[in-house]
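Here is how the chains run, residue by residue.
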Amino acid sequence: MPDWTNIIYLYDGSFDGFLCCVFESYATHEIPDDIIPDHLFVQEVLWGTRQIETDGGHAERVLHKLNDILGKNGLRLIRCAFLYGLPGKEKALLRFIRFSLVHGKAALNMLGRKETAAVYDMEKAVLNEAHLLKGFLRFSDYHGALLGTIQPKHYVLPLLKRHFAERYPEEYFIIFDQSHKMALLYRPYTSRIILVDSFEPPSETSCPERQFRRLWQEYYDAIAIKQRKNPRCRMTHMPKRFWACMTEFQEKETETAPLLTIPSSFPKLSDKKL
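Keep in mind that this is a model prediction, so the values were computed, not measured.

1. With respect to the nonpolar core
- Counting residues in hydrophobic clusters, the biggest one holds 36 residues, and the most contacted among them are F18, L19, I78, L93 and F96.
- Elements with a minimum of two residues in this core: β2 (7-11), α1 (15-27), α2 (56-81), α3 (89-103) and α4 (114-136).
- A total of 10 residues in this core trace back to one element, the largest contributor, which is α2.
- With sequence-adjacent residues up to four places away left out, I78 is seen in contact with F15, L66, L70, L93, F96 and I97.
- The next biggest cluster of nonpolar side chains, apart from the first, holds 21 residues, and it includes L146, F164, M238 and W243.

Next comes the structure, spelled out in structure tokens:
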């Protein structure tokens, strides 16, 4: 039986690094008191620490074992839960992995056990936030490149990548995660997620961009029904923590250039073109 220890594992914060912590736990027959990314660790006097180096071979062995035991769905669950952004995810995942190695694939359906329920709760939180941001993310045009800023609780950029790449396949865009200092860079059919210490968008935007912002803000105000205003309901469907990055809640644009107009009629298309 593995022994509980007062050791805290420190790792580089990557998924491979976490898998190496799992490998270390089994290799040493111990269960660490916690697993923490080294850049988030605050020294505790009473607890010893051990730095776990990321080893591709060890990570691959654990990955293959999890795939054999839990299958693709189980591995997908673990990967998604690892994107959870609040403290304690590594310890919860380690508990679930140890539990699943005893009970096999059946562990995925044992929702009454706290080991399994905790991982599903983390997955749900991550997927819900990614789903909301697919609708609440606002892009601005900076001379041909689109820039969107988000402040999520979780590491949702990997889940947003496919959605926006498929929606804007021919565009150049950046999604900057202010909370975790990460950025998704996309150019046609190529994308990368990188760490960014600091990022400042260009101070000047084009005249058409300011016009479109003003149009969107006026549209948002125009469709509101004052008699049915319900702030609590709005915050339920559009959580307030997203407002800081949404165009309709920003300071009103005062662009003096004439607003963009929509033509009153469009050229007719022939049946052949249809």
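After that view, the rundown keeps rolling.
2. Notes on the sheet that holds β2
- If you trace the three strands from one edge of the open sheet to the other, you get β4-β2-β5, paired in parallel fashion. Strands at the two margins of the open sheet, each flanked by one partner only, are β4 (34-37) and β5 (48-51). For this sheet, the mean angle separating the axes of adjacent strands, direction not counted, is 30°.
- With four bridges connecting them, β2 and β5 associate as parallel partners.

3. What to know about the sheet that holds strand β9 (residues 182-187)
- A sheet is described by the order of its strands in space; here five strands give the open sequence β6-β7-β8-β9-β10, paired in mixed fashion. Each edge of the open sheet carries a strand with a single partner, namely β6 (139-142) and β10 (190-195). With strand direction ignored, the average angle separating the axes of adjacent strands in the sheet is 20°.

4. Describing a nonpolar patch on the surface
- On the surface, W216, Y219 and I223 cluster together to form a nonpolar patch covering roughly 320 Å² of accessible area.
- With respect to the element layout, I223 can be found in the loop between α6 (207-222) and α7 (231-237).

5. Here's the deal with the packing of aromatic side chains
- In total, this model carries 13 aromatic pairs according to the counting rule given.
- Centre to centre, the rings of F139 and Y168 are 5.7 Å apart; their planes meet at 90°, and the pair counts as edge-to-face. Of this pair, F139 sits in strand β6 while Y168 sits in the loop between α5 (157-167) and β8 (173-177), placing them 29 residues apart in sequence.
- The buried category is assigned to F139, whose relative accessible area is 18%.
- On the basis of relative accessible area, Y168 is assigned to the partly exposed category, the value being 23%.
- Between F164 and Y168, the ring centres sit 6.4 Å apart and the planes meet at 15°, which makes this aromatic pair stacked.

6. Considering the pattern of salt bridges
- Using the criterion set out here, one finds nine salt bridges in the structure.
- R113 is paired through a salt bridge with E115; the nearest N and O atoms lie 3.4 Å apart.
- Taking the relative accessible area as the measure of exposure, R113 reaches 36% and is therefore partly exposed.
- When salt bridges with common partners are traced through the structure, they connect E24, E30 and R50 into a single cluster.

7. Let's talk about the side chain of E129
- For E129, the position within the fold is in helix α4.
- Setting aside residues up to four positions removed in sequence, E129 forms contacts with P152, K153, H154, V156, R241 and F242.

8. A look at the state of the cysteines
- Here the structure, examined in full by the defined rule, presents zero disulfides.
- Here C80 is not disulfide-linked; the sulfur of C21 is the nearest cysteine sulfur, at 20 Å.

9. Observations concerning α1
- In this model α1 runs 18 Å from its N-terminal to its C-terminal C-alpha over 13 residues, within 8% of the 18 Å that 1.5 Å per residue would give.
- Listed in full, the buried residues belonging to α1 are F15, G17, F18, L19, C20, C21, V22, F23 and S25.
- Packing partners of the buried residues in α1 comprise β2, β3 (30-31), β4, α2 and α3.
- Positive backbone phi, at 55°, marks H29, one or two positions downstream of α1.

10. A closer look at a negative patch on the surface
- Among the surface-exposed residues, D12, D16, D38, E53 and E60 lie close enough to one another that they form a single negatively charged patch.
- In this fold, D12 is placed in the loop between β2 and α1.

11. A word on the environment of D12
- For D12, a relative accessible area of 38% corresponds to the partly exposed category.
- Note: C-alpha distance between D12 and D38 (26 residues apart in sequence) is 6.0 Å.
- Here D12 is in contact with G17, D38 and T54, once residues within four sequence places are set aside.
- Within polar-contact distance, the side chain of D12 engages the side chain of S14 at 2.8 Å.
- At a separation of 2.7 Å, a polar atom in the side chain of D12 contacts the side chain of T54.

Analysis parameters
- Residues numbered from 1 in each chain as written.
- Predicted model: local features only at pLDDT ≥ 70, side-chain atom pairs only at ≥ 80, totals over all residues.
- Heavy atoms only, no water.
- Core = buried A, V, L, I, M, F, W, Y, C linked by side-chain atoms within 4.5 Å.
- Buried < 20%, exposed > 50% of the residue type's maximum accessible area, 1.4 Å probe, protein only.
- Helix = DSSP H or I, 4+ residues; strand = E, 2+ residues; numbered from the N terminus.
- Contact = heavy atoms within 4.5 Å.
- Pairing = 2+ DSSP bridges.
- Axes fitted to C-alpha atoms, helices over the stretch in contact; angles between N-to-C directions.
- Patch = residues over 30% accessible without salt bridge, like charges linked within 9 Å, V, L, I, M, F, W, Y side chains within 5 Å.
- Areas by Shrake-Rupley, 256 points an atom, 1.4 Å probe, with all protein chains shown as cover.
- Salt bridge = Lys/Arg side-chain N within 4 Å of Asp/Glu carboxyl O.
- Phe/Tyr/Trp six-rings, centres within 6.5 Å; stacked < 30°, edge-to-face > 60°.
- Disulfide = S-S within 2.5 Å.
- Expected span 1.5 Å × (residues − 1).
- Lys, Arg positive; Asp, Glu negative; His and termini not counted.
- Charge placed at Lys NZ, Arg CZ, Asp CG, Glu CD.
- Polar contact = N/O pair within 3.5 Å; in protein donor to acceptor, adjacent residues only side chain to side chain.

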